[in-house]
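Descriptive analysis of the structure
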Amino acid sequence: MAATADAVVIGGGVVGASAFFHLCALGLDRVVLCERRQPGAGATGQSGAFIQYHFCQNEAEARLTQASVPYFQRWDDLVGAGSCGFVPVGYLRLEPPEREAGLRARVGMLREVGVETSVVGPDDVTRLAPYLSADGVAAAAYEPGSGYADPVGTVAGFLAAGRRRGGEVMTETSVTGVRAAGGAVRGVETTAGPIDAPVVVLAAGAWSGPLLRGLGLDAPLTVALTQCVAFARPAACPVPAMTVGDGVSVSYFRAAGPDGGQILVGVGTEARRPLADPDAGAGPVPAGVGAAAGERLAARLRGAEGARVLGAPAGPIALTPDDLPIIDRHPDLAGLTFFAGDCGSSFKTGPAIGRALVEWAVLGRPVVADVAAFRLDRFGADVRAGS
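Calculation notes
Residues numbered from 1 in each chain as written. Predicted model: local features only at pLDDT ≥ 70, side-chain atom pairs only at ≥ 80, totals over all residues. Heavy atoms only, no water. Helix = DSSP H or I, 4+ residues; strand = E, 2+ residues; numbered from the N terminus. Rg over C-alpha atoms; globule rule 2.2 N^0.38 Å. Buried < 20%, exposed > 50% of the residue type's maximum accessible area, 1.4 Å probe, protein only. Contact = heavy atoms within 4.5 Å. Areas by Shrake-Rupley, 256 points an atom, 1.4 Å probe, with all protein chains shown as cover. Pairing = 2+ DSSP bridges. Axes fitted to C-alpha atoms, helices over the stretch in contact; angles between N-to-C directions. Expected span 1.5 Å × (residues − 1). Polar contact = N/O pair within 3.5 Å; in protein donor to acceptor, adjacent residues only side chain to side chain. Patch = residues over 30% accessible without salt bridge, like charges linked within 9 Å, V, L, I, M, F, W, Y side chains within 5 Å. Salt bridge = Lys/Arg side-chain N within 4 Å of Asp/Glu carboxyl O. Phe/Tyr/Trp six-rings, centres within 6.5 Å; stacked < 30°, edge-to-face > 60°. Core = buried A, V, L, I, M, F, W, Y, C linked by side-chain atoms within 4.5 Å. Disulfide = S-S within 2.5 Å.

**As for the overall build of the chain**
Along its length, the chain carries 9 helices and 22 strands. For 387 residues, the compact-globule formula gives about 21 Å, and the C-alpha radius of gyration of the chain, at 21 Å, lands near that figure. For the C-alpha atoms alone, the extent of the chain along its principal axes is close to 65 × 45 × 40 Å. For the chain, buried positions account for 55% of its 387 residues. Contacts in the chain between residues far apart in sequence, at least 24 positions, make up 75% of those at least 6 positions apart. Of the roughly 15,100 Å² of accessible surface on the chain, 50% is carried by carbon and sulfur atoms.

Structure follows, in structure tokens:
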């Protein structure tokens, strides 16, 4: 006999955790989240957790970020359990001369929607962050209110707040299929048995593609492993207070660990590897990635020469052709909404995406933000598998 629920969430990353919290906050009596391993075990737990606007590609993504940032800033008021660990240290995006025009255009777009950001010059970079070299920098974007969060704490806080409202989290429970009949979702099949529910929110990260295909939807997703490198901060190296995106060397870094004793460095798409199976292990750091990360860090952060590699956090991500997420409801099945294609940059928008999926499924439309630009049919009029 199947268990019953008012709603089921598939996936325990930041989007699934947010959806779980918002379903419980709406007062649904029984909300169940199914996580195939442990919460945050996929891309979320390995995220750099940057909370910044500069990589928003358009106004829709900027506004989605604006709808999420208050959760990080006012966690105690809006969530009320645990801590997201938000550190508003500021963000700098550095660009060489050939990318300056693009930086200015993006800052202009962000300012038009109300983001606090500005273009600064190389002298401003060294004034704001004396521990940085400005070599090769023509201009930078400065976001004083941005920063980073704790991805594990963010997920744990959302789940704790949902549990307080009566929600249940089932770990080590894989969803093997979504059941539907009569033009509506009816529940899910899991390794722990079936669960009947009239609302299902699918947010399974790199595992979303097969579940969507089982529902007749063809989402253009490719799965890749994304990897960054953690270094021990040398004694002679100051703690890098700000988070930094270095468009000159195509890398990013921020402080991590107790008292900033570590520095987390990413080298962009160089560290991405295609994955046929998102369950495949990360394995060792690819040849040259650790060395490249160390060289780029030392070239930008004073005193970072010879930093020792501590590890290489990695997680599977799902990519779309336009590097924007898919946020949608099933065109034929009432009660089913889904998120796919995190593109490695959806942590900052996770709170609002989860809320939008819940509002769409339960209230009939997303209220928190307009997500029309993220619908699946932007890749073609007919999104049904096999068409």
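**Some points on the sheet that holds strand S13 (residues 200-202)**
Reading across the sheet, the 6 strands line up as S9-S3-S2-S13-S22-S21 and stay open at both edges, with mixed pairing between neighbours. Either end of the sheet is taken by a strand with one partner, and the two such strands are strand S9 (168-170) and strand S21 (326-329). Adjacent strand axes in the sheet meet at a mean angle of 15° when their direction is disregarded. Pairing geometry for strand S3 (residues 31-34) and S9, over 3 bridges, is parallel. Each residue of the ladder has a partner; that of Leu33, found in S9, is Val169.

**Comments concerning helix H6 (residues 151-164)**
Counted at 1.5 Å a residue, the expected span for H6 with its 14 residues is 20 Å, and the 20 Å between its end C-alpha atoms agrees. Taken residue by residue, H6 has Pro151, Gly153, Thr154, Val155, Gly157, Phe158, Leu159, Ala161 and Gly162 as its buried positions. Buried residues in H6 make contact with helix H1 (14-25), S3, helix H2 (59-73), helix H3 (75-78), S9 and helix H9 (350-363). If you check the start of H6, you find a side-chain oxygen 3.1 Å away from the backbone N of Val152, and it comes from Asp150. Of the residues flanking the end of H6, it is Gly166, one or two places downstream, whose phi is positive at about 100°.

**Observations concerning a nonpolar patch on the surface**
There is a patch of nonpolar side chains on the surface, built from Leu26, Val362, Leu363 and Val367 and spanning about 330 Å² of accessible area. For Val362, the location among the structural elements is in helix H9.

**Structural notes on the sheet that holds strand S11 (residues 184-190)**
A sheet is described by the order of its strands in space; here 4 strands give the open sequence S1-S12-S11-S10, paired in mixed fashion. Looking along the sheet, the strands with just one partner apiece sit at the ends: strand S1 (3-4) and strand S10 (175-181). Bridge count between S10 and S11: 6 bridges; the pairing is antiparallel. By the bridge assignment for S11, Val175 is matched with Thr190.

**Thoughts on the packing of aromatic side chains**
Applying the stated criterion across every chain yields a total of 7 aromatic pairs. Between Phe50 and Tyr252, the aromatic rings sit 5.3 Å apart at their centres with planes inclined by 80°, giving edge-to-face as the arrangement. Taken together, the residues Phe50 in strand S4 (residues 50-51) and Tyr252 in strand S16 (residues 251-256) connect sequence positions 202 residues apart.

**Here's the deal with the environment of Gly40**
Tracing the chain through its elements places Gly40 in the loop between S3 and S4. Leave out the neighbours within four places in its chain, and Gly40 touches Gly12, Gly45 and Val155.

**Here's the deal with the nonpolar core**
Counting residues in each nonpolar core, the largest one holds 56 residues, and the members touching the most others are Phe20, Leu23, Leu64 and Ile327. Every element with two or more residues in this core is listed here: strand S2 (7-10), H1, S3, H2, helix H4 (100-112), H6 and H9. A total of 8 residues in this core trace back to one element, the largest contributor, which is H1. Excluding anything up to four places from it in sequence, Leu64 contacts Ile327, Thr349, Ala352, Ile353, Ala369, Val371 and Phe374.

**Considerations on the pairing of S21**
Sheet analysis places S21 next to strand S22 (residues 336-340), joined by 4 bridges and oriented antiparallel. When the bridges of S22 are listed, Asp328 appears paired with Phe338. Joining the antiparallel neighbours S21 and S22 is a turn of 6 residues, in which Gly335 adopts a positive phi near 90°.

**Re the state of the cysteines**
Throughout the structure, instances matching the rule amount to 0 disulfides. Cysteine Cys84 shares no disulfide, and the gap to the nearest cysteine sulfur, in Cys56, comes to 18 Å. Unpaired in terms of disulfides, Cys228 finds its nearest cysteine sulfur in Cys237, a separation of 17 Å. Residue Cys228 is classed as buried on the basis of its relative accessible area, which comes to 4%.

**Considering the environment of Arg273**
With respect to the helices and strands, Arg273 occurs in strand S18 (residues 273-274). We classify Arg273 as partly exposed; its relative accessible area is 26%. In this structure the C-alpha to C-alpha distance between Arg273 and Leu225, which are 48 residues apart in sequence, comes to 5.1 Å.

**Re the pattern of salt bridges**
Per the stated rule, a full pass over the model turns up 15 salt bridges. A salt bridge links Asp196 to Arg179; its shortest N-O distance comes to 2.5 Å. Of the two residues, Asp196 is situated in strand S12 (residues 195-196) and Arg179 in strand S10; the sequence distance between them amounts to 17 residues. A salt bridge links Asp322 to Arg378, with the nearest nitrogen and oxygen atoms 2.7 Å apart. Of the two residues, Asp322 is situated in the loop between strand S20 (314-319) and S21 and Arg378 in the segment after H9; the sequence distance between them amounts to 56 residues. Look at Asp322 and you get partly exposed, because its relative accessible area is 25%. Residues joined by salt bridges that share partners form a network here, namely Arg93, Glu95 and Arg99.

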